[in-house]
Amino acid sequence: MSIPLTSEEKAYYARQITMKGFGEKSQTYLKNSKACITGLGGLGSPIATQLAAMGVGYLRIIDHDTVDLTNLHRQHLYSIDSVGEPKTAVAAERLRKLNPYIEIEAINTEIAPDNAANLVKDMDIVVDALDAMAPRYAINKACVDLDTPFIHGGVIRQIGTITTIIPHKTPCLECFKGGIDDSKLPSNASQGVHPSIINIIASIQTSEAIKILTRKTPSLPGRLLFFDLEDLTMEFIDIAKQDKCKICG
Ligand SMILES: [Zn+2]
């Protein structure tokens with residue numbers, strides 16, 4: 001059953017409702033949608049802010065970290081006063097003030113294979129804002145098992161990648177980026193990361209999520225978008241489903 005928009009909501013979302021092809025119909029879809037954001041760091045901050053402000057009716061936000069001084073240059077959900085506080089608590093308070101018409105469920109936990117399915121259960125979409133492969137693999141498996149679309153994104157230095165995973169139709173994360181050991185990967189802590197690339201990738205992930213939630217066709221199923229801020233290049237790489245994939249094959 002779909003809950004209609006109130007007059008306050010129509011006013012709040014007026015500038016997107018006015019967009020051609022969006023309208024009250026898409027806004028009502030968003031109001032009646034549930035999205036999960038795994039991670040509230042660099043990608044999670046702008047994704048959560050945009051999905052909340054655009055009116056996704058139910059947002060589940062997950063993280064296990066506290067705010068660190070080194071986060072603030074790119075994680076704009078937090079302020080200097082938030083240092084040392086749990087990210088989920090600070091983010092939930094900020095997002096509820098930003099948009100009181102939606103519901104926020106904050107879960108302070110570390111994502112692992114044994115809790116992933118429970119964490120993404122009952123969601124219409126999951127948006128990847130993690131910074132390590134191990135929890136991503138756990139969420140990827142849960143999304144494949146539950147048939148939930150998963151928007152994968154990753155950033156390092158001035159480079160970012162994104163793809164939209166539609167379980168059993170497109171390659172899953174394991175198909176094109178399987179078996180990576182986090183200890184062998186460069187990290188943002190060692191390599192650094194440019195806030196601008198984070199906001200670009202996060203915004204495209206948000207746009208993909210909104211397309212799916214409003215019953216439109218997403219742009220990145222089966223394609224990995226590679227974006228380099230250095231020379232402003234954007235490349236699309238076709239990715240293939242592996243018949244023998246241990247997760248979706
Ligand atoms: Zn697969």
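Below, the structure is looked at part by part. Since the structure is predicted, the reported quantities are computational estimates derived from the model, not experimental observations.

Parameters at a glance
- Residues numbered from 1 in each chain as written.
- Predicted model: local features only at pLDDT ≥ 70, side-chain atom pairs only at ≥ 80, totals over all residues.
- Helix = DSSP H or I, 4+ residues; strand = E, 2+ residues; numbered from the N terminus.
- Rg over C-alpha atoms; globule rule 2.2 N^0.38 Å.
- Buried ≥ 20, exposed ≤ 12 C-beta atoms within 10 Å, placed from the backbone.
- Contact = placed C-beta atoms within 7 Å.
- Pairing = 2+ DSSP bridges.
- Core = buried A, V, L, I, M, F, W, Y, C linked by C-beta atoms within 7 Å.
- Axes fitted to C-alpha atoms, helices over the stretch in contact; angles between N-to-C directions.
- Parallel < 35°, antiparallel > 145°, perpendicular 65-115°, else oblique.
- Left-handed = near helix turned anticlockwise from the far one by under 90°.
- Nonpolar A, V, L, I, M, F, W, Y, C, P; charged D, E, K, R; others polar.

**Observations concerning the overall build of the protein**
Within the protein one finds 10 helices and eight strands. What you see for the protein is a C-alpha radius of gyration of 17 Å, in line with the 18 Å of a compact globule of 249 residues. When each of the 249 residues of the protein is scored for burial, the buried share is 42%. Taking all contacts inside the protein whose residues are at least 6 apart in sequence as the whole, residues at least 24 apart take part in 68%.

**What to know about unusual backbone geometry**
Backbone phi values are negative for most residues with the exception of glycine, while trans is the configuration of most peptide bonds. Within the chain, D147 stands out as a residue other than glycine whose phi angle is a positive 60°. Looking at the element boundaries, D147 is found in the loop between α7 (133–146) and β5 (150–156). With 10 C-beta atoms counted inside 10 Å, the residue D147 sits in the exposed group. In this structure, L232 takes a positive phi of about 55° despite not being glycine. Secondary-structure assignment places L232 in the loop between β7 (223–228) and β8 (233–238). Looking at L232, the number of C-beta atoms within 10 Å reads 8, which means it is exposed.

**Let's talk about the pairing of β7**
As paired elements, strand β6 (residues 159–165) and β7 share four bridges and run antiparallel to each other. Counted as the bridge partner of I162 is L225 from β7. Looking at chain direction, β7 and β8 are connected through six bridges and run antiparallel. Residue pairing for β8: F227 is matched across the bridge by M234.

**Thoughts on the nonpolar core**
Side chains of a nonpolar character, in soluble globular proteins, are inclined to be buried together. Within the largest apolar cluster, 61 residues are counted, with the highest numbers of intra-cluster contacts made by A35, I37, A48 and L59. Looking at this core, the element that brings in the most residues is helix α10 (residues 195–213), giving nine residues. Those residues in contact with L59 that sit more than four places away from it in its chain are A35, I37, A48, L51, A52, L95, I102 and I104.

**Things to note about the sheet that holds strand β2 (residues 58–63)**
Whether parallel or antiparallel, the strands of a sheet pair through hydrogen bonds between backbone atoms. Reading across the sheet, the eight strands line up as β3-β2-β1-β4-β5-β6-β7-β8 and stay open at both edges, with mixed pairing between neighbours. Where the open sheet ends on each side, the last strands, each with one partner, are β3 (103–108) and β8. The average angle at which neighbouring strand axes cross in this sheet is 15°, direction not considered. Where β5 meets β6, seven bridges bridge the pair, whose relative direction is antiparallel.

**Digging into the environment of L98**
On the secondary structure map, L98 appears in helix α5 (residues 87–98). A sequence separation of 45 residues divides L98 from A53, and the C-alpha atoms of the two residues are 6.7 Å apart. Once you skip the residues sitting within four places of it in the chain, L98 turns out to touch T49, A52 and A53.

**Concerning the packing of helix α4 (residues 44–54) against α10**
At a minimum axis separation of 9 Å, α4 and α10 run at an interaxial angle of 40°. Between α4 and α10, the interaxial angle falls into the category oblique. Crossing of α4 against α10: the hand is right-handed. On α10, the residues touching P46, I47, Q50, L51 and M54 of α4 are I198, N199, A202, S203, Q205, T206, A209 and I210. Residues that form the contact of α4 with α10 fall into these classes: eight nonpolar, five polar and no charged.

**Some details on the packing of α4 against α5**
Where α4 meets α5, the closest approach of the two axes is 9 Å, and the angle between their N-to-C directions is 30°. Classified by the angle between their axes, α4 and α5 sit roughly parallel to one another. Taken as a pair, α4 and α5 cross one another with a handedness that is right-handed. Contacts from A48, T49, A52 and A53 in α4 reach A91, L95 and L98 in α5. Its residues placed into classes, the contact of α4 with α5 shows six nonpolar, one polar and no charged.

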